[in-house]
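Residue-level listing of the chains:
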Amino acid sequence: MAVQPWGEQEFGAARPPVPGPPAMPYPAMPPAPVPQVAMPQAAMPQSAMRAATADRERTVDVLKAAFAEGRLSAAEYGERFEAASGAQTYGQLARLVADLPAGPMVAPQMTAPQMMMPVPATFLPPPVMMPPPRPTNGAAVASLVLSLLGMGLPAVVAGHIAKNQIPRRNEDGDGMATFGLVLGYVECFFWTLLMFAVVATGG
């Protein structure tokens, strides 16, 4: 086999392998550890109560909204999603969303003592002050009674006294005084006509 001047072999002849650096095996890269997020503890009542499927779904909705808004990274969302899917109590679900804006967050039903808590006085309407009842004028009562008994002249006198006292004393009984005056004047007129008739008949 002829060797060419430039050191290459004749066309078609097998070439010896060129030695190279030994192949070094590359070890498999371990997956990057997912950082553990220290989630604050959420203090809520009845955190040990068993959570339902609907509670877990509501928690996942909060996580989805936080991920869409950029509050959670993909790794954080995946980690919390897995934890929410396997959560068993309200406390476990609350810890997953404690550092996120409260959306459709799970919450146990309020107990009877919590629902019966008194309303603070600041939010209550001011009490309505009712004015004290006014006393009834005694002269007005006397005018009404005397007029009903047929004693017209005394009823008229008592009625005028009541009309004078009621505005000054801020008392009640104006209606009774008016009724006693009207009935008293009618009776006085009747007794006057009766006296004239007796005198005319006797004369």
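Reading the values: the criteria
Residues numbered from 1 in each chain as written. Predicted model: local features only at pLDDT ≥ 70, side-chain atom pairs only at ≥ 80, totals over all residues. Heavy atoms only, no water. Helix = DSSP H or I, 4+ residues; strand = E, 2+ residues; numbered from the N terminus. Expected span 1.5 Å × (residues − 1). Buried < 20%, exposed > 50% of the residue type's maximum accessible area, 1.4 Å probe, protein only. Arc of directions from axis to C-beta. Contact = heavy atoms within 4.5 Å. Core = buried A, V, L, I, M, F, W, Y, C linked by side-chain atoms within 4.5 Å. Axes fitted to C-alpha atoms, helices over the stretch in contact; angles between N-to-C directions. Parallel < 35°, antiparallel > 145°, perpendicular 65-115°, else oblique. Nonpolar A, V, L, I, M, F, W, Y, C, P; charged D, E, K, R; others polar. pLDDT = per-residue confidence, 0-100. Phe/Tyr/Trp six-rings, centres within 6.5 Å; stacked < 30°, edge-to-face > 60°.

1. Here's the deal with helix H1 (residues 53-68)
The first and last C-alpha atoms of H1 sit 23 Å apart over 16 residues, in line with the 22 Å expected at 1.5 Å per residue. Within H1, burial applies to Asp55, Arg56, Thr59, Val60, Val62, Leu63 and Ala66. Taken down its axis, H1 places every buried residue within 155 degrees of arc, on the same side. Close packing links the buried residues of H1 with helix H2 (74-85) and helix H3 (90-96). Positive backbone phi, at 85 degrees, marks Gly70, one or two positions downstream of H1.

2. Some details on unusual backbone geometry
A positive phi angle is found at Asn170, which is not glycine, with a value near 55 degrees. Turning to its location among the elements, Asn170 is positioned in the loop between helix H6 (152-169) and helix H7 (174-202). Residue classification places Asn170 among the partly exposed positions, given a relative accessible area of 47%.

3. Examining the nonpolar core
Core analysis: the largest hydrophobic core is formed by 13 residues, its most contacted members being Leu63, Leu72, Ala84, Leu93, Val97 and Leu100. Among the elements of the structure, H1, H2 and H3 are those that each provide at least two residues to this core. Take this core: its biggest share by element is four residues, from H1. Ignoring sequence-local partners within four residues, the contact set of Leu72 consists of Leu63, Ala66, Phe67, Tyr77, Arg80 and Leu100. Judged by nonpolar contacts, the second largest core, of five residues, contains Ala139, Ala162, Ile166 and Ala177.

4. Here we look at the packing of H1 against H2
For the pair H1 and H2, interaxial distance at closest approach is 10 Å and the crossing angle is 175 degrees. Looking at the two axes, H1 sits roughly antiparallel to H2. Along the contact surface, H1 presents Arg56, Thr59, Val60, Leu63, Lys64 and Phe67, while H2 presents Ala74, Tyr77, Arg80, Phe81, Ala84 and Ser85. The residue makeup of the contact of H1 with H2, split by class, is seven nonpolar, two polar and three charged.

5. What to know about the confidence of the model for the protein
Put simply, the protein has an average pLDDT of 74, and 65% of its residues get 70 or more. Between the elements of the protein, mean pLDDT differs from a low of 52, seen in helix H4 (residues 112-115), to a high of 90, seen in H2. Note on residues 1-13: pLDDT is under 50 here. Beyond four places in sequence and across chains, it has nine contacts. A low-confidence stretch, residues 37-44 (pLDDT under 50), is modelled with 18 contacts involving residues beyond four sequence positions or located in other chains.

6. Quick look at the packing of aromatic side chains
With the rule as written, the count across this model stands at three aromatic pairs. Aromatic side chains Phe67 and Tyr77 sit 4.9 Å apart centroid to centroid with 20 degrees between the ring planes, which places their arrangement in the stacked category. Placement of Phe67 in helix H1 and of Tyr77 in helix H2 is noted, with a sequence separation of 10 residues between them. The interplanar angle of 35 degrees and the centroid separation of 6.0 Å between the aromatic rings of Tyr77 and Phe81 together place this pair among those described as tilted. One end of the pair is Tyr77 and the other is Phe81, both in helix H2 and four residues apart, which spans about a single turn. Owing to a relative accessible area of 17%, Tyr77 belongs among the buried residues under this scheme. What makes Phe81 partly exposed here is its relative accessible area of 30%. Put simply, the rings of Phe67, Tyr77 and Phe81 touch in pairs and so form one group of aromatic residues.

7. Some words on the side chain of Thr89
Inspection of the secondary structure assignment puts Thr89 in the loop between H2 and H3. When neighbours within four sequence positions are excluded, Thr89 is seen to be in contact with Ser47, Ala48, Met49, Arg50 and Ala51.

8. Considering the environment of Gly86
With respect to the helices, strands and loops of the structure, Gly86 is situated in the loop between H2 and H3. Spatially, the C-alpha atom of Gly86 lies 8.5 Å from that of Arg56, the residues being 30 residues apart in sequence.

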